[in-house]
Amino acid sequence: MSQMELSSEGLGLTSEDLGMKTLRGALAELIAVLLFVFVGAGSVVVTINVLGNELNAASLTAIALAHGLAIATLVAATAGISGGHVNPAVTFSMVITGRMKVGPGLVYVAAQVVGAVLGALLLISVFDDAVEGSLGAHGINDAALSGTYSAVIVEAVLTFVLVFTVFATAVDKRGLGNVAPLAIGLAILIDHLVGVPLTGASMNPARSFGPALVAGEWDDHWVYWLGPLLGGGLAGLVYVYAFLDRPDEE
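In what follows, the accompanying structure is described. Please read all numbers here as calculations on a predicted model, not as lab measurements.

## What about the layout of surface pockets?
Then, number 1: The computed volume of the largest pocket comes to approximately 730 Å³.
Then, number 2: If you go around the largest pocket, you meet 32 residues; those closest to its centre are S82, G83, H85, M100 and Y108.
Then, number 3: With 5 residues, the top contributor of residues to the lining of the largest pocket is helix α3 (residues 57-82).
Then, number 4: Of the residues belonging to the lining of the largest pocket, the class tally is 19 nonpolar, 8 polar and 5 charged.
Then, number 5: Of the pockets and cavities examined, the second largest pocket occupies roughly 420 Å³.
Then, number 6: Forming the boundary of the second largest pocket are 23 residues, of which V44, I48, L55, A137 and V196 lie nearest the centre.
Then, number 7: Sorting the residues of the lining of the second largest pocket by element identifies α2 (20-50) and α3 as the ones contributing at least two each.
Then, number 8: The leading source of residues in the lining of the second largest pocket is α2, at 4 residues.

Structure follows, in structure tokens:
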């Protein structure tokens, strides 16, 4: 793993690091997160508010499929341009493991957050006031969880599953790179089946931020940054130190 240097070059703050390649990648991330929020959060609004369903096995499956298939599609579409992060937690894991410099990482995260807000604004522009609700903003199920920090643990574990899958399939050259988008989408899908009734299954601070900002739903919002960043960062570090870059096995 490369060591992070506290210099303009080491942090990725040079004109080369922040050049057109990074900007094109950031634009791809913005578009991908915009579409992910529109489809993912939109599936919540359609399933619960438009169709008038409660959260049950059928609606849970529909929401999980929408998020999982959307991520699989968008990762496949942007992998060759930006690496297909579509998530600040994934970008964070790449930065702290030395796979990406800090400067481009910050540009990616900014683009992801802007994309999420634009996706939520697009949602609110097409739905009637009577059905838009909270625009699929995430919230904690206090009746199911023992406390707020339990929600942090849930989000951390769910994001660990996601980011571990990213490293195993998309980062590790020994992994099945051709099926990485599908594997990542399946990780999102199965995480939703567990997490939606508990925390909404964010795993993605940008996905949480866009609808929260536009709908004004800020309750326990910090959970959706702390949990995914902890889980994603830990997954990246565990994979790199335990399974990747093992010269003793060469």
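## Here we look at the side chain of S43
Then, number 1: Within the secondary structure, S43 sits in helix α2.
Then, number 2: Accessibility expressed as a relative area gives 10% for S43, which makes it buried.
Then, number 3: Among all residues touching S43, those that are not within four sequence positions of it are I63, A66 and H67.

## As for a nonpolar patch on the surface
Then, number 1: A cluster of nonpolar residues, F38, V39, L122 and V126, forms a patch on the protein surface that exposes about 300 Å² of accessible area.
Then, number 2: When contributions to the nonpolar patch are tallied by element, the ones reaching two or more residues are α2 and α5 (102-126).
Then, number 3: The topology assignment puts V126 in helix α5.

## With respect to empty space enclosed by the protein
Then, number 1: As enumerated under the stated definition, the model contains 1 cavity of 30 Å³ or more in all.
Then, number 2: Roughly 30 Å³ of volume is contained in the largest cavity.
Then, number 3: In terms of lining residues, the largest cavity is bounded by A137, H138, S208, A212, E217, D219, H221 and Y224.
Then, number 4: Looking at the lining of the largest cavity, its residues break down into 3 nonpolar, 3 polar and 2 charged.

## Examining the packing of aromatic side chains
Then, number 1: Within the structure shown, the criterion is met by 8 aromatic pairs.
Then, number 2: Aromatic pair F164 and Y239: ring centres 5.1 Å apart, planes at 75°, arrangement edge-to-face. In this pair, F164 is assigned in helix α7 (residues 148-171) and Y239 in helix α10 (residues 223-243), connecting sequence segments 75 residues apart.
Then, number 3: Aromatic side chains F164 and F243 sit 5.9 Å apart centroid to centroid with 90° between the ring planes, which places their arrangement in the edge-to-face category. Note that F164 is positioned in helix α7 and F243 in helix α10, a separation of 79 residues in sequence.
Then, number 4: The exposure class assigned to F243 is partly exposed, which follows from its relative accessible area of 38%.

## Observations concerning the packing of α2 against α5
Then, number 1: Where α2 meets α5, the closest approach of the two axes is 7 Å, and the angle between their N-to-C directions is 35°. In the packing of α2 onto α5, the handedness of the crossing is right-handed.
Then, number 2: For the contact of α2 with α5, the per-class residue count stands at 18 nonpolar, 6 polar and 1 charged.

## A word on α3
Given 3.6 residues to a turn, an α-helix orients residues that are three or four positions apart in the same direction.
Then, number 1: The end-to-end C-alpha distance of α3, which contains 26 residues, comes to 35 Å, matching closely the 38 Å that a straight helix rising 1.5 Å per residue would cover.
Then, number 2: Helix geometry: α3 is bent most strongly at A76, by close to 35°.
Then, number 3: At the N-terminal boundary of α3, the capping side chain belongs to N56, with an oxygen 3.1 Å from the backbone nitrogen of A58.

## Let's talk about the packing of α7 against helix α8 (residues 180-195)
Then, number 1: Where α7 meets α8, the axes come as close as 9 Å, and the angle between the chain directions of the two elements is 170°. Taken together, α7 and α8 sit at an angle that is classed as roughly antiparallel. In contact with L158, T159, V161, L162, T165, V166, T169 and A170 of α7, α8 contributes A180, A183, I184, A187, I188, D191 and G195.
Then, number 2: Split into classes, the residues belonging to the contact of α7 with α8 amount to 10 nonpolar, 4 polar and 1 charged.

Parameters at a glance
- Residues numbered from 1 in each chain as written.
- Predicted model: local features only at pLDDT ≥ 70, side-chain atom pairs only at ≥ 80, totals over all residues.
- Heavy atoms only, no water.
- 1 Å grid on protein atoms, 1.4 Å probe; cavity = no way out; pocket = protein on both sides within 12 Å on 5 of 7 lines; lining within 4 Å.
- Points joined across faces, edges and corners; volume = space filled by probe spheres on them.
- Helix = DSSP H or I, 4+ residues; strand = E, 2+ residues; numbered from the N terminus.
- Nonpolar A, V, L, I, M, F, W, Y, C, P; charged D, E, K, R; others polar.
- Buried < 20%, exposed > 50% of the residue type's maximum accessible area, 1.4 Å probe, protein only.
- Contact = heavy atoms within 4.5 Å.
- Patch = residues over 30% accessible without salt bridge, like charges linked within 9 Å, V, L, I, M, F, W, Y side chains within 5 Å.
- Areas by Shrake-Rupley, 256 points an atom, 1.4 Å probe, with all protein chains shown as cover.
- Salt bridge = Lys/Arg side-chain N within 4 Å of Asp/Glu carboxyl O.
- Phe/Tyr/Trp six-rings, centres within 6.5 Å; stacked < 30°, edge-to-face > 60°.
- Axes fitted to C-alpha atoms, helices over the stretch in contact; angles between N-to-C directions.
- Left-handed = near helix turned anticlockwise from the far one by under 90°.
- Expected span 1.5 Å × (residues − 1).
- Bend = angle between axes of the 7 residues up to and from the residue.
- Polar contact = N/O pair within 3.5 Å; in protein donor to acceptor, adjacent residues only side chain to side chain.
- Parallel < 35°, antiparallel > 145°, perpendicular 65-115°, else oblique.

Note that every value here comes from positions in space, so none of it alone points to a role or purpose.
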